[in-house]
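# A structural walkthrough
The chain contents come next:
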Amino acid sequence: MSRAIGLLLGFAADRVLGDPRHFHPVAGFGQAASRVESRWYADSRAAGTAYTVALVGTTAAAGAVLERLSRNRPIVHTLVTAAATWTVLGARSLEREAETMAGLLEEKDIPAARDRLSHLCARDATSLEADELARATVESIAENTSDACVAPLLWGGVLGVPGLLGYRAANTLDAMVGYKSAKYLNFGWASARLDDVLNLLPARVCALLTGLAAGRPGQTIQVWQRDARKHPSPNAGPVEAAFAGALDLTLGGTNSYGSYQEDRGTLGDGPTPAVADVRRTAALARRVGVAAAGVAAILAVAGRKGTRWG
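In this report, we go over the structure that sits alongside the text. (Residues numbered from 1 in each chain as written. Predicted model: local features only at pLDDT ≥ 70, side-chain atom pairs only at ≥ 80, totals over all residues. Heavy atoms only, no water.)

Helices and strands together make up the secondary structure of the protein, namely 12 helices and 2 strands. A globule of 310 residues ought to have a C-alpha radius of gyration of about 19 Å, and the protein, at 19 Å, matches this closely. Over its C-alpha atoms, taken along the principal directions, the protein stretches across nearly 55 × 45 × 35 Å. Sorting the 310 residues of the protein into buried and exposed places 53% on the buried side. Put simply, of all contacts in the protein between residues at least 6 apart along the chain, 72% involve residues at least 24 apart. For the protein, the computed accessible surface area is about 13,600 Å², with 61% contributed by carbon and sulfur atoms. Placing the 33 positive and 29 negative side-chain charges of the protein at their respective mean positions leaves the two points 10 Å apart. (Helix = DSSP H or I, 4+ residues; strand = E, 2+ residues; numbered from the N terminus. Rg over C-alpha atoms; globule rule 2.2 N^0.38 Å. Buried < 20%, exposed > 50% of the residue type's maximum accessible area, 1.4 Å probe, protein only. Contact = heavy atoms within 4.5 Å. Areas by Shrake-Rupley, 256 points an atom, 1.4 Å probe, with all protein chains shown as cover. Lys, Arg positive; Asp, Glu negative; His and termini not counted. Charge placed at Lys NZ, Arg CZ, Asp CG, Glu CD.)

Now the structure itself:
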């Protein structure tokens, strides 16, 4: 029970406080990972695999130690789980970015919106206009709802603190080096593949919760099953297709990432996103997060007898 309560408290802390403003542990991990990369980098999958295993393995092991030390002290275990959950979640910060983008687009401040998009994704926004900026924002909210909220909560529900910290480490490395650019195509391969594996089930749970949270499960599942395979990502595809179906929008298209372009397919049947759809998407993502917290708590309680942790 302490794991479930800790997850819910951590989720509530994220909703109220968002990310820590100073000395964020995830930012600290990213800085450490950058230093390791500068020393270990080589244009090879072997080097990238060693980098990924070392960083993710060390972080998950640290989480396992915290879990073991606190497991027989329910109050301490609850607080440790809550702190880890708050640390790894990014749902409230994602919502704040969406609100900022919505405000800039509503004010027709396109240059500022182009600059701000980098807080959500790596797309080249140089020539994007309002509707394309809205589409990029909607798609980023959808994908990051799974990556920054649903997936860590589910891994926390199943594995506790090591699941929370290990998942966030893997996802952070994917965001840092998991690109198809010339520099990272080989070195970032292991990070990208590990992130794909860890998100296989959470992305599909997120897609299902999206339909339920929108009150349109039938249409959401239909679009998800029909269009997700058009997307090059095995996990972003189901989530973005689900949001497209739930919001009655058409997402996807060709995105530029500076050094390369990627065809994201066409997902959904409705109109392409407009500025007003950014706030609609953020509201849906918030409901999905609440549902995911409930599912994670149920998993934590259900798994209590099957593991010594929690």
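With phi around 60°, Lys-108 is a residue other than glycine that occupies positive phi space. Position of Lys-108 among the secondary structure elements: in the loop between α5 (91-106) and α6 (110-116). Take Lys-108: its relative accessible area is 68%, and that puts it in the exposed class. At Asp-248, a residue that is not glycine, the phi angle is positive and equals roughly 55°. With respect to the helices and strands, Asp-248 occurs in the loop between α11 (236-247) and β1 (251-256). Given the relative accessible area of 34%, Asp-248 is considered partly exposed.

A few words now on the state of the cysteines. Per the stated rule, a full pass over the model turns up 0 disulfides. We note that Cys-121 lacks a disulfide partner, and the nearest cysteine sulfur, in Cys-206, lies 17 Å from it. For Cys-121, a relative accessible area of 18% gives the class buried. Accessibility expressed as a relative area gives 0% for Cys-206, which makes it buried. (Disulfide = S-S within 2.5 Å.)

Moving on to the packing of aromatic side chains. Two aromatic rings are characterised by how far apart their centres lie and by the angle between their planes. The tally for this structure, following the rule as stated, stands at 3 aromatic pairs. Seen in terms of ring centroids, Tyr-41 and Phe-187 are 5.0 Å apart; in terms of plane orientation they differ by 55°. Their pairing is tilted. Remark: Phe-187 occurs in the loop between α8 (161-177) and α9 (189-214) and Tyr-41 occurs in the loop between α2 (25-40) and α3 (45-70); sequence separation between them is 146 residues. Classification of Tyr-41 by relative accessible area gives partly exposed; the value is 31%. Arranged with centres 4.9 Å apart and planes meeting at 45°, the rings of Tyr-51 and Phe-187 form a pair that is tilted. Placement of the pair is Tyr-51 in helix α3 and Phe-187 in the loop between α8 and α9, with a sequence separation of 136 residues. Across this residue pair, the class does not change: Tyr-51 and Phe-187 are buried. (Phe/Tyr/Trp six-rings, centres within 6.5 Å; stacked < 30°, edge-to-face > 60°.)

Bringing helix α1 (residues 2-17) into the picture now. Since the α-helix turns once every 3.6 residues, residues separated by three or four places project in the same direction. Over its 16 residues, α1 runs 22 Å from end to end, which matches the ideal 22 Å to within 8%, given 1.5 Å per residue. Where the residues of α1 are buried, they touch α3, α4 (74-88), α5, α7 (130-159), α8 and α12 (276-302). In the segment just after α1, Gly-18 is the residue with positive phi, at about 70°. (Expected span 1.5 Å × (residues − 1).)

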